[in-house]
Amino acid sequence: MSTPALEIQGLVAGYGDVSVLRGLDLSIAPGQLVALIGANGAGKTTLLRTISGLIKPQAGEIRLEGTPLHGLAPYEVVRQGFVQSPEGKQLFGGMSIRENLLIGAHNARAREVRDQTLKEVFALFPILEERQKLAANTLSGGQQQMVAVGRALMAKPRLLALDEPSLGLAPIMVDRLFESIRRIRDLGVTVLVIEQNVFKVLQMADHGHVLENGRIALSGSGRELLADGHLRATYLGI
């Protein structure tokens, strides 16, 4: 059996005395596109922040391809290969598209192959190459999201985590973005997507997990979860 791309065991984490994650277990296979869904406040973003080293876990273990991440500083987590594109894009609006992308290649491993990775990002998002000299704040919301994803790819992730990538985008841009996410998976990058557009993300996901009350309540393939009665009633209103 291959080593999981990401393995979490007994994770407890939160803010102050309040535990948001309560003994969470999660395993993601290499090369998969995995959806993580749940209601607001279920702990999805807290999970990403804990894996990223922004929140110190109270208990439990986090391993990326067998390497422990729990206890590492955020820059060390990125260096190991866990990279997230945060909710809300968080671009440097006055800087050019190219400059925003290059910021992503700040770790030593990524810097060594920066020029090649930039070519790969431009191949994935041709509009960014065409407009690379423009300020990021001149782009549409969908194009800014492409920059955010591209910047994360510049860090050469082993696992790419996307937090609400479709938030605020027009339906046609959501379709284009999700197609790009599938292509990233096909390039061999393991992808974890946190997404409120439950139907759309489960349609494309190899596997999915439902987070409720700080624990994984339900897991299965995208199709299995879409057919689950509890999920359809709770998250799709069917």
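Counting from 1, residues in each chain are numbered in the order their sequence is written. Totals for whole chains, interfaces and linings use every residue, but because this is a predicted model, local features are given only for residues with pLDDT of at least 70 and side-chain atom pairs only at 80 or more, for both listing and counting. Values shown for side chains rest on all heavy atoms present in the structure; no hydrogens or waters enter the calculation.

Moving on, we get to the layout of surface pockets. Each pocket or cavity is described by its volume, and for the largest pocket that value is around 570 Å³. A pocket here means an open set of points on a 1 Å grid, computed over the protein atoms alone, that has protein on both sides within 12 Å along at least five of seven lines. A cavity is instead a set of points where a 1.4 Å probe fits but cannot get out; residues with an atom within 4 Å of a point line either one. As for the largest pocket, its lining consists of 24 residues, and the residues nearest its centre are Val-78, Val-83, Gln-84, Ser-85 and Pro-86. Of the residues in the lining of the largest pocket, the class split is 13 nonpolar, seven polar and four charged. Grid points are joined across faces, edges and corners, and a volume is the space filled by probe spheres set on the points. For this scheme, ten residues count as nonpolar: Ala, Val, Leu, Ile, Met, Phe, Trp, Tyr, Cys and Pro. Four count as charged, namely Asp, Glu, Lys and Arg, and the remainder, Gly too, count as polar.

The next thing to look at is the sheet that holds strand β2 (residues 18–28). What the four strands build is an open sheet, ordered β2-β1-β4-β5; its pairing is antiparallel. Edge positions in the sheet fall to β2 and β5 (67–68), since each of these pairs with one other strand and no more. Pairing between strand β1 (residues 6–15) and β2: eight bridges, direction antiparallel. Each residue of the ladder has a partner; that of Glu-7, found in β2, is Ser-27. The contact definition used throughout considers only heavy atoms, calling two residues in contact when any of these lie within 4.5 Å. Angles shown run from 0 to 180 degrees and are taken between the N-to-C directions of axes, each axis being a line fitted to C-alpha atoms and, for helices, limited to the stretch in contact. The way it works is that DSSP assigns letters per residue, a run of H or I at least four long becomes a helix, a run of E at least two long becomes a strand, and they are numbered from the N terminus. Of the strands in this sheet, β1, β2 and β4 (59–64) are in contact with helix α1 (residues 44–51), which crosses β1 at around 110°. Any two strands between which DSSP finds at least two bridges are classified as paired.

Let's shift gears to the pairing of strand β3 (residues 33–37). Each residue gets one of three labels from its accessible area relative to the maximum for its type: buried under 20%, exposed over 50%, partly exposed in between, using a 1.4 Å probe on protein chains only. Counting buried residues along β3, five of its five residues qualify, which places the element largely inside the surrounding structure. With burial as the criterion, each face of β3 is covered, one bearing Leu-33, Ala-35 and Ile-37 and the other bearing Val-34 and Leu-36. Sheet topology places β3 next to strand β8 (residues 190–194); four bridges connect them, and they run parallel. Paired with Leu-36 across the strands is Ile-194, a residue of β8. Where β3 meets strand β9 (residues 207–212), four bridges bridge the pair, whose relative direction is parallel. Following the sheet pairing, Val-34 is matched in β9 by His-207.

In space, the six strands of this open sheet follow the order β6-β7-β8-β3-β9-β10, with mixed pairing throughout. The two strands at the open ends of the sheet, each matched to only one other strand, are β6 (82–85) and β10 (215–220). Taking the axes of each pair of neighbouring strands and ignoring which way they run, one obtains an average angle of 20° across the sheet. Contacts from helix α8 (residues 171–186) reach β3, β7 (159–163) and β8, with the element oriented near 150° to β8.

Here we take up the nonpolar core. Residues grouped as a nonpolar core are buried Ala, Val, Leu, Ile, Met, Phe, Trp, Tyr and Cys residues, joined through side-chain atoms within 4.5 Å. In this structure, Ile-181 and Leu-202 are the most contacted members of the largest nonpolar core, which totals 48 residues. Of all the elements, helix α7 (residues 141–154) adds the most residues to this core, at seven residues. Here Ile-181 is in contact with Leu-33, Leu-162, Pro-165, Val-191, Val-193 and Met-204, once residues within four sequence places are set aside. Judged by nonpolar contacts, the second largest core, of 26 residues, contains Leu-21, Leu-36, Leu-64 and Ile-194.

Take α1 next. Counting buried positions along α1 yields six of eight residues, so the element is predominantly enclosed. For α1, every residue scored as buried is listed here: Lys-44, Thr-46, Leu-47, Leu-48, Thr-50 and Ile-51. Within two residues after α1, Gly-53 carries a phi angle of roughly 90°, on the positive side.

Turning our eyes to something else, we now look at the packing of helix α5 (residues 114–124) against α7. Where α5 meets α7, the axes come as close as 9 Å, and the angle between the chain directions of the two elements is 150°. Judged by the angle between their axes, α5 and α7 are roughly antiparallel. Crossing handedness for the pair α5 and α7: right-handed. On α7, the residues that touch Arg-114, Thr-117, Leu-118, Val-121 and Leu-124 of α5 are Gly-150, Leu-153 and Met-154. Within the contact of α5 with α7, the residues separate by chemical class into five nonpolar, two polar and one charged. Note that the term roughly parallel is reserved for angles under 35 degrees, roughly antiparallel for angles over 145, roughly perpendicular for angles of 65 to 115, and oblique for everything else. Crossings are assigned a handedness: left-handed for a near helix turned anticlockwise from the far helix by less than a right angle, right-handed for a clockwise turn.

Orientation of α7 relative to α8, taken along the N-to-C sense of each, is 15°, at an axis distance of 10 Å. As summarised for this structure, α7 and α8 are arranged roughly parallel, according to the angle between their axes. Both α7 and α8 take part in a crossing whose hand is right-handed. Residues Gly-142, Gln-143, Gln-145, Met-146, Val-149 and Leu-153 of α7 form the contact with α8, whose own contacting residues are Met-173, Leu-177 and Ile-184. Considering only residue class, the contact of α7 with α8 consists of six nonpolar, three polar and no charged.

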